[in-house]
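What the coordinates show
Here are the chains, one letter per residue:
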Amino acid sequence: MKEKTPHDDLRELYQDLILDHGKHPRNFRPMPEANREVLGHNPLCGDRLVLTLAVNENNVIEDAAFQGSGCAISMASASMMTEMLKGKTAAEAHKLFEHFHELCTLGGEEVAKTETPAAKDVQMRLQALSGVRHYPMRVKCAVLPWRALESALSSGGVKNVKTE
Ligand code: ZN
């Protein structure tokens, strides 16, 4: 048997986090009081989810939820994202997306050098999700809820987005 490195432990921890959120997604519920709603669709994988947000007059996200179906990665990503969003301003949410996108596209060493705009637990979740960068097909699954978020924050109403 190969000896475990600290890196393997970290990887397992990340996998556990994704599996847990994929199987038991948080904020998976309808939101009647939502004032933003975006359908995200990833035809390559078949992920289809509706992101709903309640954004107040100060552009603060008061509530975030989603519904739909998709692979474990897209569900986990939506679950973790909606958890992170509550209480964030639209600008802060956008920064998180940019950072996450960077994590997904950069190599590990570069990622370590990027600035962290987030609290430690948020950072850990983003790091876990960004493990998909090793699987280019899965990046679209992980980014799907975030694309829906970007669209929801930039438009005022109902919209559809596709990750292709
Ligand atoms: Zn997927």
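Data block above holds the structure.
First things first, this report covers the structure right here in the doc. The model shown is predicted, which means the values in this text are computed figures rather than measured ones.

Concerning the overall build of the chain
- Across its full length, the chain carries 6 helices and 4 strands.
- Mapped from its N terminus to its C terminus, the chain presents α and β elements in the order α-β-β-β-α-α-α-α-α-β.
- Scored against the burial criterion, the 164 residues of the chain give a buried share of 44%.
- Considering only intrachain contacts with a sequence separation of at least 6, the fraction spanning at least 24 residues in the chain is 64%.
- Carbon together with sulfur atoms contributes 52% to the accessible area of the chain, which is approximately 8900 Å² in total.

Details of the packing of aromatic side chains
- As enumerated under the stated definition, the model contains 3 aromatic pairs in all.
- A centroid spacing of 5.2 Å and a plane angle of 90° characterise the contact between Phe28 and Phe66, whose relative ring orientation is edge-to-face. Residue Phe28 is located in the loop between helix H1 (6–23) and strand S1 (36–42), and its partner Phe66 is located in strand S3 (residues 61–69); the two are separated by 38 residues in the primary sequence.
- Between the aromatic rings of Phe100 and Trp146, the centroid separation amounts to 5.3 Å while the plane-to-plane angle is 35°, which identifies the pairing as tilted. Separated by 46 residues along the polypeptide, Phe100 in helix H3 (residues 90–105) and Trp146 in helix H6 (residues 136–154) bring together distant segments of the chain. Of the two residues, Phe100 and Trp146, neither departs from the other in class, the shared state being buried.
- These aromatic residues form a ring-pair network of at least three members: Phe97, Phe100 and Trp146.

Points about helix H2 (residues 72–85)
- Look at H2: 20 Å from first C-alpha to last across 14 residues, which is about the 20 Å you get at 1.5 Å a residue.
- With 12 of 14 residues buried, H2 lies mostly within the body of the structure.
- Along H2, the positions that sit buried rather than exposed are Ile73, Ser74, Met75, Ala76, Ser77, Ala78, Ser79, Met80, Met81, Thr82, Met84 and Leu85.
- After H2 finishes, the residue Gly87 shows a positive phi value of roughly 90°.

A closer look at H6
- Compared with the 27 Å implied by 1.5 Å per residue over 19 residues, the 26 Å span of H6 between its first and last C-alpha is a close match.
- In the structure, H6 departs most strongly from a straight axis at Val143, where the bend amounts to approximately 40° and where the proline Pro145 lies between one and four residues downstream.
- Every buried residue of H6 is listed here: Val139, Cys141, Ala142, Val143, Leu144, Pro145, Trp146, Ala148, Leu149, Ser151, Ala152 and Leu153.

Concerning the coordination of the zinc ion
- Every protein donor of the zinc ion is accounted for by Cys45 (SG), Asp47 (OD), Asp47 (OD), Cys71 (SG) and Cys141 (SG), and the metal-donor separations fall at 2.2 to 2.6 Å.
- Here the donor residues of the zinc ion share one chain and are spaced in sequence as C-x1-D-x23-C-x69-C. With a gap of 26 residues between them, Cys45 in the loop between S1 and strand S2 (47–55) and Cys71 in the loop between S3 and H2 connect regions that are remote in the sequence.
- We classify Cys45 as partly exposed; its relative accessible area is 35%.
- On the accessibility criterion, Cys71 (15% relative accessible area) is buried.

The rules behind each value
Residues numbered from 1 in each chain as written. Predicted model: local features only at pLDDT ≥ 70, side-chain atom pairs only at ≥ 80, totals over all residues. Heavy atoms only, no water. Helix = DSSP H or I, 4+ residues; strand = E, 2+ residues; numbered from the N terminus. Buried < 20%, exposed > 50% of the residue type's maximum accessible area, 1.4 Å probe, protein only. Contact = heavy atoms within 4.5 Å. Areas by Shrake-Rupley, 256 points an atom, 1.4 Å probe, with all protein chains shown as cover. Phe/Tyr/Trp six-rings, centres within 6.5 Å; stacked < 30°, edge-to-face > 60°. Expected span 1.5 Å × (residues − 1). Bend = angle between axes of the 7 residues up to and from the residue. Donors = N, O, S within 2.8 Å, 3.2 Å for Na, K, Ca; no water.

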